[in-house]
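Reading the structure
Here's the letter readout for the chains.
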Amino acid sequence: MAGRFSPMSRFVALLATVLALGVRGETLTMATEATFPPYEFLRGQEVVGLDVEIARTVAAKLGWSFRVENMDFDAVIPAVISGKASLAASGITITEDRKKNVDFSEPYVKTGIVVIFPKATPFETADQLKGKKIGVQSGTTSETYVLEQLHQEPERFKSTPEACAAMLAGRCAFVIADIDPAKNCVKGEPALAISDFLSSEEYAIAVPKGKSDLLAAINATIREAKADGRIAAWLAAYTAESDALKDSESADRAAVAEGSAAFVGAIAGLRASVRAFWTALCDDFYLCFFKKAADGSSRGLYLVKGLGVTIEVAFAAIVLGLFIGFLVAVIRSSHDKYGYFSFLNALAKVYLTIIRGTPMVVQLLITYYIILRSVDSKILIAILAFGINSGAYQAEILRAGIVSIDPGQMEAGRALGLSYWRTMLRIILPQAVRNVLPALGNEFIVLMKDTSIVGYIALIDLAKGGDIIRSQTYSVYTPYLTVAAIYLVLVMTFTWLLGKLERYLRNTGADVVHNNS
Ligand code: ARG
């Protein structure tokens, strides 16, 4: 065995290497929210649209590589402010408030917001909006309109299509949105129509304050593309593409609506509807997981890739957590029993207090936006955040295990001539682990399921994968129930493996020293 603190120093070295590898090169990262045709929308798994074309042209002009980050709209500007993204191109309206936090390019489109309304309750004047439930996309100028012009709280949704779906389901009276995506929303919906402009706005690209070179490249690109007609051509092409997409989606949705009706019917008159239920289920399964999207991939791919991410993050975090847990537990219990390591013990206490005193989501966001903001790999960020978090809980579980071992064991080890660390590693820890294995297993299972919050940092895991399928197909049963089933199988398999390990350790007896040699 190596010197006293070598596990700690090895860990620090590993961390440093990993951080160095993650540091970003010359990449132009565009932050956006891709439910906003024709400016940005999904063609299969790829984000396309006018904004993407402009940003890609800027990247080419600078000789940088290019990447699009799809996130919630209310995260788009924060991504620029925090430096996570080089620019935000997301149909962003120039406003005085936003100007305080970011710099804007020259405008590239003149537009405005409108009301989307059910034809059954035609919209004529703004007075009609007062006191009604009004759906908006969270973080947009439509939200500001409801708050500041109507002096009321809007119903906030993740996207305009979601707000429209809610309106169709009778959950809000009107929706306010930018005109182009609004047109796309009412396309193929005979029950919906849109009003005249409520306000006029201009779109521009947002960059971090003071990036004058980048801003100059963006402005030049916009000017050139306006002059040679590329902006108009892109607008026309992407409007046509997104309209066609909407038509095919409407057809899909009609099928889902039938499917959903069949679900309800099946529950009511179970026997009569078993066959319809089965067909609807198969259709829904086909639509959600196997039907090929425009780019030739099927949506099930989100779940397959997502499962990979979930497993990778969970297992790496468990291992990292175990490592931290062992270290902290040994330090804490050595201090309590023998007064060793006062300084490290104090550090460990601070670590435990902070990690256990703040929510996991907040730790994840802080790691992503503040501590590791220059690290590119979101998987790595998630592993570190979850590993460090779980380490605190594992440390306390392991400490309980160590404390439960009779002090005579340590004395016996020392009397036999083993060093403190050797006795700890070879005699105390194996018994301690065996005693607390059920509690550790619990912690592993919680960690595995908790990774489902990584969607917050735009990492597509199993849960987020299901969510994306739901948002594309408007089908709720199949994606969510399938995701739940996959987690269940994952946890059951893991529980079974832990059970095996527990039995194995029980049968080998306490005499781990001899078994190890
Ligand atoms: N123009 C509006 C705003 O800036 C809405 C933009 C929403 N964009 C999007 N890609 N979802 O607030």
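Our subject is the structure listed above.
In this report, we go over the structure that sits alongside the text. Just so it is clear, the model here is predicted, and its values are computed rather than measured.

1. Digging into the packing of helix H11 (residues 300–338) against helix H14 (residues 378–403)
Contact pair H11 / H14: the axes reach a minimum separation of 5 Å and the direction vectors enclose 40°. By the angle between their directions, the pair H11 and H14 is classed as oblique. As H11 runs across H14, the sense of the crossing is right-handed. Looking at the contact of H11 with H14, its residues break down into 22 nonpolar, 7 polar and 6 charged.

2. Re the site of the ligand
Surveying the vicinity of the ligand reveals 15 residues, the closest of which are Ser90, Thr93, Arg98, Thr141 and Asp178. Side-chain polar atom of glutamate 33 to a nitrogen atom of the ligand: 2.9 Å apart, as the coordinates give it. Glycine 91 has a polar backbone atom sitting 2.8 Å from a nitrogen atom of the ligand.

3. Comments concerning the sheet that holds strand E4 (residues 46–48)
Pairing in this open sheet of 3 strands is antiparallel, and the strands run E2-E3-E4 from one edge to the other. Edge strands, defined here as strands with exactly one partner in the open sheet, are strand E2 (35–36) and E4. Contacts from helix H9 (residues 230–268) reach strand E3 (40–43) and E4 within the one sheet, and its direction differs from that of E3 by about 55°.

4. Let's talk about the nonpolar core
Membership of the largest hydrophobic core comes to 58 residues, with the highest contact counts inside it found for Phe386 and Ile402. Put simply, the parts of the chain that give this core at least two residues each are H11, helix H12 (342–357), helix H13 (360–371), H14, helix H16 (420–450) and helix H18 (477–508). Apart from residues no more than four positions distant in its own chain, isoleucine 402 is found in contact with Ala329, Val330, Ser333, Lys337, Met424, Ile428, Leu429 and Ala432. If you look at the next biggest cluster of nonpolar residues, it comprises 30 residues, including Tyr39, Val207, Ile218 and Ala225.

5. Comments concerning the environment of isoleucine 176
The residue isoleucine 176 is located in strand E11 (residues 174–178) in this model. Classification of isoleucine 176 by relative accessible area gives buried; the value is 1%. Distance from isoleucine 176 to leucine 270, taken between C-alpha atoms, is 41 Å for residues 94 residues apart in sequence. When neighbours within four sequence positions are excluded, isoleucine 176 is seen to be in contact with Ile113, Val114, Val115, Leu129, Ile134, Gly135, Val136, Ser142, Tyr145, Val146 and Leu198.

6. Let's talk about a nonpolar patch on the surface
A surface patch of nonpolar side chains, about 450 Å² in accessible area, is lined by Val264, Val476, Tyr477, Tyr480 and Leu481. With 3 residues, the top contributor of residues to the nonpolar patch is H18. For tyrosine 480, the location among the structural elements is in helix H18.

The rules behind these values
Residues numbered from 1 in each chain as written. Predicted model: local features only at pLDDT ≥ 70, side-chain atom pairs only at ≥ 80, totals over all residues. Heavy atoms only, no water. Axes fitted to C-alpha atoms, helices over the stretch in contact; angles between N-to-C directions. Helix = DSSP H or I, 4+ residues; strand = E, 2+ residues; numbered from the N terminus. Parallel < 35°, antiparallel > 145°, perpendicular 65-115°, else oblique. Left-handed = near helix turned anticlockwise from the far one by under 90°. Nonpolar A, V, L, I, M, F, W, Y, C, P; charged D, E, K, R; others polar. Near = heavy atom within 4 Å. Polar contact = N/O pair within 3.5 Å; in protein donor to acceptor, adjacent residues only side chain to side chain. Pairing = 2+ DSSP bridges. Contact = heavy atoms within 4.5 Å. Core = buried A, V, L, I, M, F, W, Y, C linked by side-chain atoms within 4.5 Å. Buried < 20%, exposed > 50% of the residue type's maximum accessible area, 1.4 Å probe, protein only. Patch = residues over 30% accessible without salt bridge, like charges linked within 9 Å, V, L, I, M, F, W, Y side chains within 5 Å. Areas by Shrake-Rupley, 256 points an atom, 1.4 Å probe, with all protein chains shown as cover. Salt bridge = Lys/Arg side-chain N within 4 Å of Asp/Glu carboxyl O.

Function-wise, these values are silent; they only describe arrangement.
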